[in-house]
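Each chain, written out:
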Amino acid sequence: MLHPSLEPALAQIPQDRPVILFTRHSLRELAPNNGVPSYDLPLTPEGVLLAEQWGATLGKKISAFYSSPVGRCLDTALAMARGADVALAIEQTKVLVEPGCFVHSIRHVGPLFLQMGPVAFANHHLQHMMEGILSPKEGAAKLIEHFYQSQQQQTAGNLIVHVSHDTIIAAFIYHLLQKTQINEEDWPWMMEGAWLWFDNSSLYYLWRGIQGQVSLADYL
């Protein structure tokens, strides 16, 4: 099922500008022994159906898709496109893939991530500088630049979908919210996303009913 705050947000997003949905992929198969999921874990049949249903809800407002190259993200975008009945190419970008825009040396960061697990690692990242990983603000700046460019040629009312992973979304959105401590309940659900839009000076975001903004001058 979708996170209960996701669909009501449709009434809160603006209609007079392009809007971005920065979403986690849909329901996937479980990792063996509850370990770190590998890139090859596919969507479940329920996950494909959920993505199709969500795409049908969003409909033809969807005007572009961007995705992590990982199969479950691409398959989420494809299922959403089928549900929305739109024929759009899926543009793959490494900015959206794990470890993506935050990590520049997996050799330094990987062992700590495996040792701590996603939530504890995210808290460590939000609180401390670490070798091999950009600060939350530096990583968020790379994502904001990507999002900003993706909506430049879009028109009011268009919806641009970016399909990514839980770790990327968590680092980004909780940095914007200025949180330095999160727990399991804060973690992005599968098929959950943040809504984003721009004006000339600010990025606006909506996450679980919480709306805020940041100055573009701080990031671009």
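Refer to the structure above for everything that follows.
Quick look at the structure, then.

Conventions we followed
Residues numbered from 1 in each chain as written. Predicted model: local features only at pLDDT ≥ 70, side-chain atom pairs only at ≥ 80, totals over all residues. Heavy atoms only, no water. Buried < 20%, exposed > 50% of the residue type's maximum accessible area, 1.4 Å probe, protein only. Helix = DSSP H or I, 4+ residues; strand = E, 2+ residues; numbered from the N terminus. Pairing = 2+ DSSP bridges. Axes fitted to C-alpha atoms, helices over the stretch in contact; angles between N-to-C directions. Salt bridge = Lys/Arg side-chain N within 4 Å of Asp/Glu carboxyl O. Core = buried A, V, L, I, M, F, W, Y, C linked by side-chain atoms within 4.5 Å. Contact = heavy atoms within 4.5 Å. 1 Å grid on protein atoms, 1.4 Å probe; cavity = no way out; pocket = protein on both sides within 12 Å on 5 of 7 lines; lining within 4 Å. Points joined across faces, edges and corners; volume = space filled by probe spheres on them.

Our next topic: helix 6 (residues 166–176). Helix 6 sits mainly inside the fold: eleven of its eleven residues count as buried. Taken together, the buried positions of helix 6 are occupied by Asp-166, Thr-167, Ile-168, Ile-169, Ala-170, Ala-171, Phe-172, Ile-173, Tyr-174, His-175 and Leu-176. Two residues or fewer past helix 6, Gln-178 is found with a positive phi of approximately 60 degrees.

Another aspect to go through is the sheet that holds strand 5 (residues 193–198). The strand order across the open sheet formed by seven strands is 3-2-4-1-5-6-7, and the pairing between neighbours is mixed. Either end of the sheet is taken by a strand with one partner, and the two such strands are strand 3 (90–92) and strand 7 (210–215). Adjacent strand axes in the sheet meet at a mean angle of 25 degrees, parallel and antiparallel pairs treated alike. Examined bridge by bridge, strand 1 (residues 19–24) and strand 5 share four bridges and lie antiparallel to one another. What sits directly across from Phe-22, in strand 5, is Ala-194.

Okay, the pairing of strand 1 next. By the criterion of burial, strand 1 is predominantly enclosed, with six of the six residues buried. The side-chain alternation of strand 1 yields two buried faces, one formed by Val-19, Leu-21 and Thr-23 and the other by Ile-20, Phe-22 and Arg-24. One ladder, built from six bridges, connects strand 1 with strand 4 (residues 159–164); its direction is parallel. Each residue of the ladder has a partner; that of Val-19, found in strand 4, is Leu-159.

According to the stated counting rule, one finds six salt bridges in the structure shown. Its salt-bridge partner being Asp-166, residue Arg-24 comes within 3.1 Å of it at the nearest N-O pair. With a gap of 142 residues between them, Arg-24 in strand 1 and Asp-166 in helix 6 connect regions that are remote in the sequence. Of the two residues, Arg-24 and Asp-166, neither departs from the other in class, the shared state being buried. Put simply, Asp-186 and Lys-179 hold a salt bridge, and the shortest N to O gap is 3.7 Å.

Counting 41 residues, the largest nonpolar core has Phe-22, Leu-143, Phe-147, Phe-172, Leu-176, Leu-196 and Leu-203 as the members making the most contacts within it. Mapped by element, the contributors of at least two residues to this core are strand 1, strand 2 (62–67), helix 3 (106–116), helix 4 (118–127), helix 5 (136–150), helix 6, strand 5 and strand 6 (202–207). Residue contributions to this core peak at eight residues, all from helix 6. Once residues within four sequence positions are removed from consideration, Phe-147 is found in contact with Ile-20, Phe-22, His-162, Phe-172, Leu-196 and Phe-198.

This part takes up the environment of Ser-201. With respect to the helices and strands, Ser-201 occurs in the loop between strand 5 and strand 6. Sequence-distant contacts of Ser-201, that is, excluding residues within four places in its chain, are made with Val-214, Ser-215, Leu-216 and Ala-217.

Counted according to the given criterion, the structure contains two cavities of 30 Å³ or more. Each pocket or cavity is described by its volume, and for the largest cavity that value is around 50 Å³. Every residue lining the largest cavity is listed: Ser-5, Leu-6, Ala-9, Gly-193, Trp-195, Leu-206, Trp-207, Arg-208 and Gly-209. The set of elements that each furnish at least two residues to the lining of the largest cavity consists of strand 5 and strand 6.

So, on to the environment of Trp-195. Following the sequence through the fold, Trp-195 ends up in strand 5. Considered as a pair, Trp-195 and Asn-183 are twelve residues apart in the sequence and their alpha carbons are 21 Å apart.

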